[in-house]
Amino acid sequence: MNKGIYTALATIGLAQFLKIPIKKMKTGVWDWGTFVETGGMPSSHSAGVSSLATFVALKRGLPTIDFALSTIFGLIVMYDAQGIRRQTGEITLKVNQIDEKLERLKGTEDHHFHDQKEKRLKEMLGHQPEEVLGGALFGMLTGTLGYLLTKKS
């Protein structure tokens, strides 16, 4: 049984679940679909890799190759979550706006068909820096808890 993997997976699930009440506080609406969406606070990507790196650091120590690998791969994941994936989301937002403008340029009355499209591209793919930081801090907390709960006395 790999306790580090279980800790990281549990952290990812908890981070996804936390997005629901956080979104409720922001919007006033309970949206259970948020559990399976990307983006939002906290970043489950950051939380998962941070919990694993924290667990490994406490279990094996900072000077180990295990910690080095989990940290470097974690940093890459967090960079990707707030960098490349966020940029992709912003490009998608522009594509959706262009689609709406093209519909309006047809010269016909606007019936807001673009608002009802099911094929509208998903715009929230990545994370803001504060969402990544929130996920990383949450992951450090759960990684520490995971280590303490599985530590042999």
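Residues numbered from 1 in each chain as written. Predicted model: local features only at pLDDT ≥ 70, side-chain atom pairs only at ≥ 80, totals over all residues. Heavy atoms only, no water.

1. Describing the pattern of salt bridges
Now for step 1: All told, the structure shown has two salt bridges when counted by the stated rule.
Now for step 2: With a closest N to O distance of 2.6 Å, Asp66 and Arg60 form a salt bridge.
Now for step 3: Taking the relative accessible area as the measure of exposure, Arg60 reaches 52% and is therefore exposed. (Salt bridge = Lys/Arg side-chain N within 4 Å of Asp/Glu carboxyl O. Buried < 20%, exposed > 50% of the residue type's maximum accessible area, 1.4 Å probe, protein only.)

2. Looking at the packing of helix α1 (residues 3-27) against helix α6 (residues 129-150)
Now for step 1: Running from amino to carboxyl end, α1 crosses α6 at an angle of 135°, the nearest separation of the two axes being 10 Å. As the angle between them shows, α1 and α6 are arranged oblique. For the pair α1 and α6, the sense of crossing is right-handed. Packed against α1, whose contacting residues are Lys3, Thr7, Thr11, Leu14, Ala15 and Leu18, the element α6 presents Phe138, Gly139, Thr142, Gly143, Gly146 and Thr150 at the interface.
Now for step 2: Of the residues belonging to the contact of α1 with α6, the class tally is four nonpolar, seven polar and one charged. (Axes fitted to C-alpha atoms, helices over the stretch in contact; angles between N-to-C directions. Helix = DSSP H or I, 4+ residues; strand = E, 2+ residues; numbered from the N terminus. Parallel < 35°, antiparallel > 145°, perpendicular 65-115°, else oblique. Left-handed = near helix turned anticlockwise from the far one by under 90°. Contact = heavy atoms within 4.5 Å. Nonpolar A, V, L, I, M, F, W, Y, C, P; charged D, E, K, R; others polar.)

3. Digging into the packing of helix α2 (residues 44-60) against helix α3 (residues 65-82)
Now for step 1: α3 packs onto α2 with a crossing angle of 165° between their chain directions and a minimal axis gap of 9 Å. In this view, α2 runs roughly antiparallel relative to α3, as classed from their interaxial angle. Of the two possible hands of crossing, α2 and α3 adopt the one that is left-handed. Only Asp66, Phe67, Ser70, Thr71, Gly74, Val77, Met78 and Ala81 of α3 make contact with α2, whose side of the interface consists of His45, Ser46, Val49, Ser50, Leu52, Ala53, Val56, Ala57 and Arg60.
Now for step 2: When its residues are assigned to classes, the contact of α2 with α3 shows nine nonpolar, six polar and two charged.

4. Thoughts on a nonpolar patch on the surface
Now for step 1: Where nonpolar side chains cluster on the molecular surface, the patch consists of Ile65, Leu69, Ile72, Phe73, Leu75 and Ile76 and spans about 630 Å² of accessible area.
Now for step 2: As for its placement among the helices and strands, Phe73 is situated in helix α3.
Now for step 3: Classification of Phe73 as exposed rests on a relative accessible area of 52%. (Patch = residues over 30% accessible without salt bridge, like charges linked within 9 Å, V, L, I, M, F, W, Y side chains within 5 Å. Areas by Shrake-Rupley, 256 points an atom, 1.4 Å probe, with all protein chains shown as cover.)

5. Notes on α3
Now for step 1: In this model α3 runs 26 Å from its N-terminal to its C-terminal C-alpha over 18 residues, within 8% of the 26 Å that 1.5 Å per residue would give.
Now for step 2: Looking only at α3, the buried set comprises Ser70, Gly74, Met78 and Ala81. For α3, the angular spread of the buried residues around the axis is 65°, confining them to a single face. For α3, exposure combined with an orientation more than 90 degrees from the buried face picks out Ile65, Phe73, Ile76 and Tyr79. (Expected span 1.5 Å × (residues − 1). Arc of directions from axis to C-beta.)

6. Here we look at the environment of Glu131
Now for step 1: Locating Glu131 in the fold gives a position in helix α6.
Now for step 2: For the pair Glu131 and Gln82, spaced 49 residues apart in sequence, the C-alpha separation works out to 8.3 Å.
Now for step 3: A polar contact of 2.9 Å, which involves the side chain of Glu131, links it to the backbone nitrogen of Gln128. (Polar contact = N/O pair within 3.5 Å; in protein donor to acceptor, adjacent residues only side chain to side chain.)

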